[in-house]
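# Geometric and topological summary
Each chain, written out:
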Amino acid sequence: MLEKKVIKSQTFTDTTNAEIRRAAKTGIYDIRGGGAKRRVPHFDDLLFLGASISRYPLEGYREKCATNVTLGTRFAKKPLRLDIPITIAGMSFGALSGPAKEALGRGATAAGTSTTTGDGGMTKEERQHSKTLIYQYLPSRYGMNPDDLRKSDAIEVVIGQGAKPGGGGMLLGQKISDRVADMRNLPQGIDQRSACRHPDWTGPDDLEIKILELREITKWEKPIFVKVGGARPFFDTTLAVKAGADVVVLDGMQGGTAATQDVFIEHVGLPTLACISPAVEALRELGMHRKVQLIVSGGIRNGADVAKALALGADAVSIGTAALIAIGDNDPKWEDEYNALGTTAGAYDAWHEGNDPAGITTQDPNLIKRLNPITAGKLLSNYLKVMTLEAQTIARACGKSHLHNLEPEDLCALTIEAAAMAGVPLAGTNWIPGRDNTNNIT
Amino acid sequence: MKNFDLKEDSLSSLNEALQAPHDHENQIDWQVTNPRGSHAIAVGLDAPINVSIKGSVGYYCGGMNKHANIHIFGSAGPGLGENMMSGKIIVEGDASQYAGATGNGGLLVVKGNAASRCGISMKGIDIVVHGNIGHMSAFMAQSGNLVVLGNAGEALGDSLYEANLFVRGSANDLGADCIEKEMKQKHLETLDSLLREAEADAKPEDFRRYGSARELYRFKIDNASDY
């Protein structure tokens, strides 16, 4: 018998074909939670050089390596003083269960950092359990009211997010419980669309006036953050600073969303790694680096990622997906139930459908009970502390007495792509693709 | 009556004074002169005080208002009374874009015309416009009442939820999922009371009511051309 050539297409892969069949069968694009799953250049493509003859390290367990950060030093009368430069990103009550939001507040507070509301407003539990709570001001203005604005510790004007720069949101009907519907002033059980643009301003000149209004309402006390999705980080950072932001939050495409079209998540926006260097360059050009703080998010997983983002010039990072994993999202202990939902632990992303076995991305009263906010809060604070220790370990090895003293000079890149995006030399060379290398240290 | 002259006094000192806790002992009547189109005048108020503004204002006048009565003797820039929760705002002249945007409650009265996106994403506010309103008004309007004595611009009520839109003049171009609906007795009563409160000389029976066809409430691929 002749051996036949059996070749599967590299263009029409099994996954691609499955998606074609799914689209044909259901007549709807694939909506899911999470961030970009495709492989993109990331912090894994960077390495720290560590100390050597020309640089001496700090003693691992004895010499101080500070981790504190102050956010909002430009205009706000009451800047945020955090113990660690890792904050919890905005995630809504609605997308997340009440106990999940409470757990995030508890964990962040125990670790000395902030947490953030989301589309849908501020819940009592969240405010109560979060020492430092940032109030998101979103295009939909669901649940937005001046009392909560005044109760917050900072305000984050959300222009976009990394998973979907230029996109709004969709919370499917099954997650619109009575409480969620009431907070959003919508009929129970209908799909809730979130607008992609703010209803009462467009462009940077309007944003400046909007920020003025928010400051006047809150007596110039609260730091104003401006959050953008990774699209045009140089210009977006410049314009946010021009509009009067105290803090710029920059979210790369690996940053999660509660519910967005898969095609949007995977095909729009920049990898986090490609966002930082242009944003820092913009701040430096304006003389505002370290005066307007930069928070970077999107795919931060461990202390090395934190240290790398800070070395590239960020003042802090923010985590969303990682925080959910820390409190139990996608835990293999629910594998049977993930299988029943047609997926597996680690791949579960139907966060919008409200069936989360871990009780996190759901409003189902029975599933919600599975998450104990006190235990989950402890898991999160442990994780945040470990990340901080890891970042300190690296910083000490680079001879730095504060995480903010890390610098691009401490880094090299493993790939040409990462070297070009991060603006650090390819390992073993002096070469930063796309840059004028004449000033590089040899 | 306490007077603030914005030629002499700063915007922040005005807002701080208006936002300060008020009780019966305190000043209830305030006047603002020389507003000269300044932005963010009388924002974030949280008490039943009366603020009379003698001239035209810029963006976001009366933004996030609670309880206060704000009367503007001039015209208003974009975002008049945005996200107001309660109280009353009256503008004698015209209002620019996004008047009453995302408002949760209270009454906004525009004696002249309102520009585009009037009542965008409104969440319970009542808006009465004596003149005409511009395009895309009541876009994604969730609840509350928008009353227009004149004509409505293009794409009225696009993608709206449960807000009621009452138009006396023409509304020839309705947005996606917006349809004319039956005017029931309860609507005539609501309209009558809003018209009285807004000092509008019009009869409820001369209006038509528009609302959501509720076809876009759940995603359906066959509606793709409407999205």
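Each chain has its residues counted from 1, following the order in which its sequence is written. Both sets of labels track the order of writing: A upward for chains, 1 upward for ligands. Thresholds applied to this predicted model are a pLDDT of at least 70 for local features of residues and 80 or more for the giving and counting of side-chain atom pairs; totals over whole chains, interfaces and linings are not thresholded and use all residues.

### Let's talk about the overall build of chain B
Let me state the cut-off plainly: A helix here means a DSSP run of H or I that spans at least four residues, while a strand means a run of E at least two residues long, and both kinds are numbered starting from the N terminus. Two things to know: the radius of gyration comes from C-alpha atoms, and the globule rule equals 2.2 Å times the number of residues to the power 0.38. Partly exposed residues are those whose C-beta has more than 12 but fewer than 20 other C-beta atoms within 10 Å; with 20 or more the residue is buried, with 12 or fewer it is exposed, and the C-beta atoms are placed from the backbone.
A count of helices and strands for chain B gives two helices and eleven strands. For 227 residues, the compact-globule formula gives about 17 Å, and the C-alpha radius of gyration of chain B, at 18 Å, lands near that figure. Referenced to the eigenvectors of the C-alpha coordinate spread, the extents of chain B come out at roughly 60 × 35 × 30 Å. The buried share among the 227 residues of chain B stands at 55%.

### With respect to helix H2 (residues 185-197) of chain B
Residues and elements named next belong to chain B. The condition that has to hold: Here, expected helix span is obtained from the residue count minus one, scaled by 1.5 Å. The reported arc concerns the directions from the helix axis to the C-beta atoms and nothing else.
For H2, with 13 residues, the first-to-last C-alpha span of 18 Å sits near the 18 Å given by 1.5 Å per residue. Within the sequence span of H2, burial applies to Leu191, Leu194 and Leu195. The arc that holds the buried residues of H2, viewed along the axis, is 100°, so those residues lie on one side. Pointing more than 90 degrees away from the buried face of H2 are the exposed residues Gln185, Lys186, Glu189 and Arg196.

### Focus on the packing of helix H7 (residues 233-242) of chain A against helix H9 (residues 272-285) of chain A
Packed helices, taken two at a time, are described by their axes: the angle between them and the distance between them. Residues and elements named next belong to chain A. Counted only if it meets this: Here, axes are lines fitted to C-alpha atoms. For helices the fit covers the stretch in contact, and angles between N-to-C directions go from 0 to 180 degrees. We call two directions roughly parallel when the angle between them is under 35 degrees, roughly antiparallel when it is over 145, roughly perpendicular when it lies between 65 and 115, and oblique otherwise. Crossing handedness follows the turn of the near helix against the far one: under a right angle anticlockwise gives a left-handed crossing, and clockwise gives a right-handed one. Residues are scored as being in contact if the C-beta atoms we place from backbone atoms lie within 7 Å.
Running from amino to carboxyl end, H7 crosses H9 at an angle of 40°, the nearest separation of the two axes being 7 Å. Between H7 and H9, the crossing angle belongs to the class labelled oblique. Along this stretch, H7 crosses H9, giving a crossing that reads as right-handed. Here H7 contributes Pro233, Phe234, Thr237 and Thr238 to the contact with H9, which in turn contributes Cys275, Pro278, Ala279, Glu281, Ala282 and Leu283.

### Description of the pairing of strand E7 (residues 123-129) of chain B
Residues and elements named next belong to chain B. We apply this condition: Strand pairing is defined by DSSP finding a minimum of two bridges between the two strands.
Across the seven residues of E7, six count as buried, placing the element largely inside the fold. With four bridges joining them, strand E6 (residues 107-110) and E7 adopt parallel strand pairing. The partner of Leu107 across the bridge, within E7, is Asp126. Sheet analysis places E7 next to strand E8 (residues 143-148), joined by five bridges and oriented parallel. Of the residues in E8, the one forming a bridge with Val128 is Val147.

### Overview of the interface of chain B and chain A
Quick note on the threshold: Each residue gets one label: Ala, Val, Leu, Ile, Met, Phe, Trp, Tyr, Cys and Pro are nonpolar, Asp, Glu, Lys and Arg are charged, and the others, such as Gly, are polar.
In this assembly, 36 residues from chain B lie in contact with 22 residues from chain A. Elements supplying a minimum of two residues to the side of chain B that touches chain A: helix H1 (11-19) and E7 of chain B. The element contributing the most residues to the side of chain B that touches chain A is H1(B), with four residues. Residues of the side of chain B that touches chain A, tallied by class, amount to 16 nonpolar, 13 polar and seven charged.

### Let's talk about the confidence of the model for chain B
For clarity, the cut-off: One number per residue, pLDDT, summarises how confident the predictor is, and it ranges from 0 to 100.
Scored by pLDDT, chain B comes out at a mean of 94, with 94% of its residues at no less than 70. This complex was scored by the predictor with a pTM of 0.95 and an ipTM of 0.95.

### A word on the packing of helix H10 (residues 303-311) of chain A against helix H14 (residues 373-397) of chain A
Residues and elements named next belong to chain A. As a packed pair, H10 and H14 sit with axes 7 Å apart at the nearest point and diverge in direction by 55°. When the interaxial angle is binned, H10 and H14 end up oblique. In this structure, H10 meets H14 at a crossing whose hand is right-handed. Contacts between H10 and H14 involve Gly303, Ala304, Val306 and Ala307 from the former and Met387, Thr388, Leu389, Glu390, Ala391, Ile394 and Ala395 from the latter. The residue makeup of the contact of H10 with H14, split by class, is eight nonpolar, two polar and one charged.

### What to know about the sheet that holds strand E3 (residues 50-54) of chain B
Residues and elements named next belong to chain B. The mixed open sheet is built from eleven strands, whose spatial order is E1-E2-E3-E4-E5-E6-E7-E8-E9-E11-E10. With partners counted over all chains shown, the strands left at the sheet margins are strand E1 (2-5) and strand E10 (178-181), one partner each. Neighbour-to-neighbour, the strand axes of this sheet turn through a mean angle of 15°, independent of strand direction. Bridging between strand E5 (residues 88-91) and E6 involves four bridges; their strand directions are parallel.

### Details of the sheet that holds strand E11 (residues 224-229) of chain A
The strands that make up a sheet are held in pairs by hydrogen bonds between backbone atoms, and each pair lies either parallel or antiparallel. All names here are of chain A. An order of E5-E15-E14-E12-E11-E8-E7-E6 is seen for the eight strands of this open sheet, with the pairing classed as parallel. Two strands bound the open sheet, and with one partner strand each, they are strand E5 (86-88) and strand E6 (114-116). Shown here is a sheet whose adjacent strand axes are inclined to one another by a mean of 30°, direction ignored. Each of strand E12 (247-251) and strand E14 (293-297) is contacted by H9, which is oriented at about 175° to E14, the strand it contacts most.

### Comments concerning the nonpolar core
Quick note on the threshold: For this analysis, nonpolar core means a set of buried Ala, Val, Leu, Ile, Met, Phe, Trp, Tyr and Cys residues linked through C-beta atoms within 7 Å.
In this structure, Val226(A) and Val248(A) are the most contacted members of the largest nonpolar core, which totals 192 residues. For Val248(A), the residues in contact, after removing those within four places along its chain, are Val226(A), Thr237(A), Ala240(A), Val241(A), Ala279(A), Val292(A) and Leu294(A).

### Observations regarding H14(A)
Its 25 residues place the ends of H14(A) 36 Å apart at the C-alpha level, agreeing with the 36 Å of an ideal helix rising 1.5 Å per residue. Looking at the residues trailing H14(A), positive phi occurs at Gly399(A), about 80°.

### Some details on the environment of Ser140(A)
Residue and element names in this part refer to chain A. Mapping Ser140 onto the fold places it in the loop between strand E7 (132-137) and helix H4 (146-151). Overall, Ser140 belongs to the buried group, with 26 C-beta atoms counted inside 10 Å. Placed 93 residues apart in sequence, Ser140 and Leu47 show a C-alpha to C-alpha distance of 41 Å. Aside from chain neighbours lying at most four places away, what touches Ser140 is Asp119, Ser194 and Ala195.

### Regarding unusual backbone geometry
Residues and elements named next belong to chain B. Look at Met64: it is not a glycine, yet its phi comes out positive at around 60°. Within the secondary structure, Met64 is located in the loop between E3 and strand E4 (69-72). For Met64, a count of 26 C-beta atoms within 10 Å puts it in the buried group. Not every positive phi belongs to a glycine, and Glu199 is a case in point at roughly 50°. Residue position: Glu199 is located in the loop between H2 and strand E11 (208-212).

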